[in-house]
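Per-entry structural report
If you want the building blocks of each chain, they are given just below.
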Amino acid sequence: MNRYLRWIFTLCIAYPVVWIWLGVRVSDRKKLPVEGPAIIVANHNSHLDVLTLFTLFPLKTLVNVQPVAAADYFLKNKVIGWFALKVIGIIPVYRGAHLANPLQACIDALANNKIVIIFPEGTRGEPGKISEIKSGIWHLSQQCPDVPIIPVYMHGLDRAMGKGQKIPVPFFIDIFIDNPIDYDADKKIFKTSLLNRFVALEQLVTRKAS
């Protein structure tokens, strides 16, 4: 049942908003995985980030795509919680909870060949700016070192519907999909490499726009 809800949501809401109201240009779409296990890491500037990422996948793949989201934010309301779990298919992470392994749900999803979406900045940052990479993605990669991590940079969503905005503003979106990044046992090197990937993609957008 949940897969049909997600298909309906994507076809009736995500596609019209992202592809018709905003407009999207995707570079290197062939680098996006069509089956799991895989981890998508994307910059996070907008309420529309997950919707936009959903529209990049074929419907047959979409049923296996699950974004990681903060349980304390999305599950505090029963209606929003039902929508987040049943339609969006989030993997809830309990921030600050004293769990044996707070990433276990992500590990289980990857073991079940899911494509997991993570925003490594942790939360929506300032419009158009890449924030510090948090350690969660490194810890997950440490426990699943063979799972490919694919960086995706989205440009323009901060203007379309950034922090504090309630209604999406028509603004063309550019999406760049990079080659997978390898796990590195050195946390600092891994986080720096990932941040550098996002910076390089951001600079690519700037060059193309100039």
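In what follows, the structure referred to is the one given above.
Heads up: these notes are all about the structure in this document. The model shown is predicted, which means the values in this text are computed figures rather than measured ones.

1. Comments concerning unusual backbone geometry
Residue P37 follows G36 across a cis peptide bond; omega there is 5°. Within the secondary structure, P37 is located in the loop between β1 (24–27) and β2 (38–42). Phi at D28 takes a positive value of approximately 60°, unusual for a residue other than glycine. One can find D28 in the loop between β1 and β2.

2. Looking at helix α6 (residues 104–111)
Among all positions in α6, only C106, I107, A109 and L110 are buried. When α6 is viewed along its axis, its buried side chains cluster within an angular range of 160° and face the same direction. The first or second residue beyond α6 is N113, which carries a positive phi of 65°.

3. Focus on the environment of L62
Relative to the helices and strands, L62 is located in helix α3 (residues 59–62). Each C-alpha atom of the pair L62 and I115 lies 8.7 Å from the other, and the pair is 53 residues apart in sequence. Residues in contact with L62, not counting those within four places in the same chain, are R6, W7, T10, F54 and F57.

4. Some words on the nonpolar core
Ranked by size, the top nonpolar core spans 33 residues in total, and within it I40, L53, F54, V152, M154 and I175 carry the most contacts. Within the residue set of this core, elements represented by two or more residues are α1 (2–22), β2, α2 (49–54), β3 (65–70), α5 (78–88), β5 (115–118), β6 (149–155) and β7 (173–177). In contact with V152, other than residues within four places in its own chain, are L32, I40, V41, A42, N43, L53, I175, F176, I177 and F198. Counting 27 residues, the second-largest nonpolar core is a separate cluster that includes V93, L103, I118 and I137.

5. A word on α5
What α5 keeps buried is the set G81, A84, V87 and I88. Elements in contact with the buried residues of α5: α1, α2, β3 and α4 (71–74). Where α5 begins, the side chain of N77 points an oxygen toward the backbone nitrogen of V79, at a separation of 2.8 Å. Residue G89 follows α5 closely and has a positive phi angle near 75°.

Calculation notes
- Residues numbered from 1 in each chain as written.
- Predicted model: local features only at pLDDT ≥ 70, side-chain atom pairs only at ≥ 80, totals over all residues.
- Heavy atoms only, no water.
- Helix = DSSP H or I, 4+ residues; strand = E, 2+ residues; numbered from the N terminus.
- Buried < 20%, exposed > 50% of the residue type's maximum accessible area, 1.4 Å probe, protein only.
- Arc of directions from axis to C-beta.
- Contact = heavy atoms within 4.5 Å.
- Core = buried A, V, L, I, M, F, W, Y, C linked by side-chain atoms within 4.5 Å.
- Polar contact = N/O pair within 3.5 Å; in protein donor to acceptor, adjacent residues only side chain to side chain.

Functional significance is not addressed by these values, which are geometric in nature.
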